[in-house]
Amino acid sequence: MSDIYKGYREPALAILKENSVRVWSDVEMNTNRGDFKGIILPRSETSDSNHIVMKLRNGYNIGIAVNTIQHIKEIDFKEAHYKIPEQDFPKDKHKSNVKLLGTGGTIASRLDYRTGAVIPAFSPGELYGSVPELADYCNLETEKICGVFSENIEPKHWKIIANSIGEEIKKGVKGIVIGHGTDVMHHTSAVLSFMVQNSPVPIVMVGSQRSSDRPSSDAALNLIHAIKTAAESDIAETMVCMFGPTSDQYGLLHRGTRVRKMHSSYRSTFRTISDIPLAMVDKEKFTYLRNDYNKRRSDKNVIITPTFEEKVSIVYYYPNMQPDIIDSLIDNGYKGIVIAGTGLGHVNKPLYPALKRAKDKGVAVYMTVQTLWGYVQMYVYETGREMMQLGVIPAANMLPEVTYVKLGWALGQTNDLEKVKKIMLTPIAGEITEREPYNGYLIYQGGIPEVEEFLRGIKR
Ligand code: ASP
């Protein structure tokens, strides 16, 4: 191939032009790394101009360096159309009013069948347009708060969501659904459990692992379960509602502070950690698995505390971690550090001087466990006792991410470290529990054949 791309600011574009190939063309491409067949995708904002991105027949995207391409031939051209028809939601005065607040994520995306590309294309009307069954459960109003993949969620979004929830409750809605990316859904569910207290209605977070118009998508069913939960369930807490087992039998309702994304691609990715979920939900009914939850009420006395100190960090300990990691946080003005320690909550001795420095500088340091299940226990080994003397505070059985958001939330309210400690160690929304039931360790949540079998046994 000629060196046409050389000297161009947009080498990828130059090579496409020279071969009369357009974005969205179905092509055969010969390179010095082999031959490929697939569709030329538009370049995302972040990719560089020396690569062409191609969707292969097997669904995978690959980036091909321009300087390896020998020849490209267009076989077909399939332009993408992004629009889903919008539909007005029908009103029924016998049904509850539910508000859907959209923040983005895969649930707000759709996939173009012909190209296989996932495209953020959220509008609440489109969302309803693709799942008309939602009208069976409620009168739905929708509002797009933001449109980001959840890895881009920031405390400013958390504050906006919390305030919007407060406003909707004051307006009298009977339930709230928050559409959100799954990646950090558990951070958001935890922080909302603290920012929004004493809610009289269910606050249900929902997302999807596969975009809404893929045949295997979990978007519609998750949405139906979430809407049903918001409209009809008795649980007035912040919850996550996502696929229970790997198949589409039922959804699980997880308490916002005890839930975590546990699988990068399974639809049944969310699991309640160290406890059992609140309930199972399907299109017809709820199966409550416990009764120690806040019940639905008819008042509007919600308490919104949308505070967050952004100078808080979480540090995942690894063998041979050096103190400069902690020191750099102190030097950069961080006010709180959560450590995810090994075992019962440990780090190595080389970190001790840095921990002492953090204490002397008034930085709040909390310990959690990487094992996720179980409590921090710093009285068992000398390491734990020494660290407590250096000011590290054990965070009981709060999950590391939950401790992170709770510390940000608490430090957003006060710099008085004694007050912060009181807030941190007082259970607010199930983030610290007195004991962890044995069946909170995986059982009860479906997803693998043995557990399904177990569930069938106890439900009989
Ligand atoms: N990265 C996406 C997000 O968290 C994934 C998803 O929505 O499931 O927004």
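Everything below is about the structure printed above this text.
Draft legend 1. Seen up close, the sheet that holds strand β9 (residues 138-144). If you walk across this open sheet you meet the eight strands as β9-β6-β10-β12-β13-β14-β17-β18, and the pairing is mixed. Each of the sheet's edge strands pairs with one partner strand only, and the pair in question is β9 and β18 (286-288). On average, each strand axis in the sheet is tilted by 25 degrees relative to the strand beside it, whichever way the strands run. As paired strands, strand β17 (residues 279-281) and β18 are joined by three bridges and run antiparallel to one another. Considered in β18, the bridge of Met 280 is made with Thr 287. Running at roughly 155 degrees to strand β10 (residues 175-179), helix α3 (residues 155-171) makes contact with β6 (96-102), β9, β10 and β12 (203-206) of the sheet. On top of the sheet, helix α5 (residues 219-232) reaches β6, β9, β10, β12, β13 (238-243), β14 (251-255), β17 and β18; it is set at about 145 degrees to β13, its chief contact.

Draft legend 2. Region of the structure containing the site of the ligand. Near the ligand the following residues occur: Gly 105, Thr 106, Phe 149, Ser 150, Glu 151, Gly 181, Thr 182, Asp 183, Ser 208 and Gln 209. Ser 150 has a polar side-chain atom sitting 2.5 Å from an oxygen atom of the ligand. At 2.9 Å from an oxygen atom of the ligand is found a main-chain nitrogen or oxygen belonging to Asp 183. Of the residues in the shell around the ligand, the class split is one nonpolar, seven polar and two charged.

Reading the values: the criteria
- Starting afresh in each chain, residues are numbered from 1 along the sequence in its written order.
- Where local features are concerned, this predicted model is filtered to residues with pLDDT of at least 70; where side-chain atom pairs are given and counted, the filter is 80 or more; whole-chain, interface and lining totals use all residues.
- Values reported for side chains reflect all heavy atoms of the structure, with hydrogen atoms and water molecules removed beforehand.
- Here the rule is simple: two strands pair whenever DSSP picks up at least two bridges between them.
- Here a helix means four or more residues in a row that DSSP labels H or I, a strand means two or more in a row labelled E, and each is numbered from the N terminus.
- To obtain an axis, a line is fitted to C-alpha atoms, over the contacting stretch when the element is a helix, and the angle between two such axes runs from 0 to 180 degrees between their N-to-C directions.
- Any pair of residues with heavy atoms lying within 4.5 Å of one another is described as a contacting pair.
- We call a residue near a given molecule or strand whenever any one of its heavy atoms falls within 4 Å of it.
- Polar contacts here mean pairs of N or O atoms no more than 3.5 Å apart (in protein, one a potential hydrogen donor and the other a potential acceptor; neighbouring residues in sequence count only if both atoms are side-chain atoms).
- In this classification, Asp, Glu, Lys and Arg are treated as charged, Ala, Val, Leu, Ile, Met, Phe, Trp, Tyr, Cys and Pro as nonpolar, and every other residue, Gly included, as polar.

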